[in-house]
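# Descriptive structure summary
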Amino acid sequence: MRLFVAINFNDNTRGGLLALRDELKAKSPRGHFSLPENLHLTLAFLGECDKKQLVAAKSAMNAVNFEPFDVTIERIGNFRGDLWWAGCRATPQLSAIQQALSDNLRKAGFMLENRKYSPHITLGREVITDVTPWTIKPFGETVGKLDLMKSERIGGKLTYTAICTTAT
């Protein structure tokens, strides 16, 4: 199974993200835009995992101690020109949680990316547009849980399902 650890958002934050996605979509002749239910903030991507790795991932995630913290979405940008995202403020709390999670996962044997963490929510891939990145009125929520997510195609549709949750 294909796994990742993420922050899923409440309806208000998801609504704000959908408005941003729709604004980008309206200004873009082409692209593959994220489904509403798939908007999330990835903390760690694990890739293909077996049942033993699933147990290790749950343990690593449950070992992260944290208090509720704020996630603030504050800008729109892109990677490689065609992958568009909503960027999150890199707060000390978010960075510490992501680092602790990554450390726990590496100790459990997972091979994670070594690049600097850049907190973002993917809005669209292969987007063709003439717009440039822009700032937005910041919005967000207080987060008190992390989700271990399974990614799979069901009926041709990319579907993310929370299979384990850890809360403060």
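Residues numbered from 1 in each chain as written. Predicted model: local features only at pLDDT ≥ 70, side-chain atom pairs only at ≥ 80, totals over all residues. Heavy atoms only, no water.

## A few points about the overall build of the protein
We count it as follows: Secondary structure follows DSSP: runs of H or I at least 4 residues long count as helices, runs of E at least 2 residues long count as strands, and numbering of each begins at the N terminus. To sort residues, take the accessible area from a 1.4 Å probe on protein chains only and compare it with the maximum for the residue type: under 20% means buried, over 50% means exposed, and anything in between is partly exposed.
Of regular secondary structure, the protein possesses three helices and nine strands. Element order for the protein, N to C, with α for helix and β for strand: β-α-β-β-α-β-β-α-β-β-β-β. A principal-axis box enclosing the C-alpha atoms of the protein has dimensions of 45 × 35 × 30 Å. Put simply, the protein has 168 residues, and 45% of those count as buried.

## Side note on the packing of helix H2 (residues 51-62) against helix H3 (residues 92-107)
Our working rule: Between N-to-C directions, angles cover 0 to 180 degrees, with each direction set by a line fitted to C-alpha atoms, over the stretch in contact for helices. Here is the rule for handedness: rotate from the far helix to the near one, and if that takes an anticlockwise turn smaller than a right angle the crossing is left-handed, while a clockwise turn gives right-handed. Contacts: residue pairs with any heavy atoms within 4.5 Å of one another. Residues were grouped as follows: Ala, Val, Leu, Ile, Met, Phe, Trp, Tyr, Cys and Pro as nonpolar; Asp, Glu, Lys and Arg as charged; and all remaining residues, including Gly, as polar.
Two elements in contact, H2 and H3, have axes whose closest approach is 8 Å; the angle formed by their N-to-C orientations is 145°. As H2 packs across H3, the resulting crossing turns out to be right-handed. Residues Ala57, Ala60 and Met61 of H2 pack against Leu101, Asn104 and Leu105 of H3. Its residues assigned to classes, the contact of H2 with H3 shows five nonpolar, one polar and no charged.

## Focus on H2
To keep it simple, the criterion reads: Working rule for helices: expected span equals 1.5 Å times residues minus one. By the criterion applied in these results, polar contacts are pairs of N or O atoms within 3.5 Å in which, for protein atoms, one can donate a hydrogen and the other can accept it, and in which residues neighboring in sequence qualify only through two side-chain atoms.
Compared with the 16 Å implied by 1.5 Å per residue over 12 residues, the 17 Å span of H2 between its first and last C-alpha is a close match. In this structure, the buried side of H2 is in contact with strand E1 (2-8), strand E3 (40-48), H3, strand E8 (145-154) and strand E9 (157-167). Its side-chain oxygen at 3.1 Å from the backbone nitrogen of Lys52, Asp50 defines the N-terminal cap of H2.

## Considerations on the sheet that holds strand E6 (residues 120-128)
Sheet strands pair by backbone hydrogen bonding; their relative direction is either parallel or antiparallel. To keep things clear, this is the line we draw: Strand pairing requires that DSSP identify at least two bridges connecting the strands.
Taken in spatial order, the five strands make up an open sheet running E2-E6-E5-E4-E7, and their pairing is antiparallel. Because the sheet does not close on itself, it has two edges, and the strands there are strand E2 (30-33) and strand E7 (134-143). The sheet shows a mean angle of 30° between the axes of neighbouring strands, taken without regard to direction. The sheet contact formed by strand E5 (residues 83-88) and E6 spans four bridges and is antiparallel. Bridge assignment links Gly87 to a residue of E6, and that residue is His120. Against the sheet, helix H1 (residues 11-26) engages E2, strand E4 (69-79), E5, E6 and E7, with an angle of about 155° to E7.

## Remarks on H1
End to end, H1 covers 22 Å across 16 residues, agreeing with the expected 22 Å (1.5 Å per residue, within 8%). Burial in H1 covers these residues: Thr13, Arg14, Gly16, Leu17, Leu18, Leu20, Arg21 and Leu24. Looking at the packing, one finds that the buried side of H1 touches E1, E2, E4, E5, E6 and E7. One side-chain oxygen at the N-terminal end of H1 lies 3.1 Å from the backbone nitrogen of Asn12; it belongs to Asn10.

## Some remarks on the sheet that holds E9
Spatial strand order, E3-E1-E8-E9: four strands in an open sheet with antiparallel pairing. Of all strands in the sheet, those bounded by a partner on one side alone are E3 and E9. Strand after strand, the sheet turns through a mean of 25° between neighbouring axes, direction not considered. Relative to E8, E1 runs antiparallel, the two sharing five bridges. The residue of E8 that forms the bridge with Phe4 is Met149. Where H2 meets the sheet, it contacts E1, E3, E8 and E9, and its direction lies at approximately 50° from that of E9.

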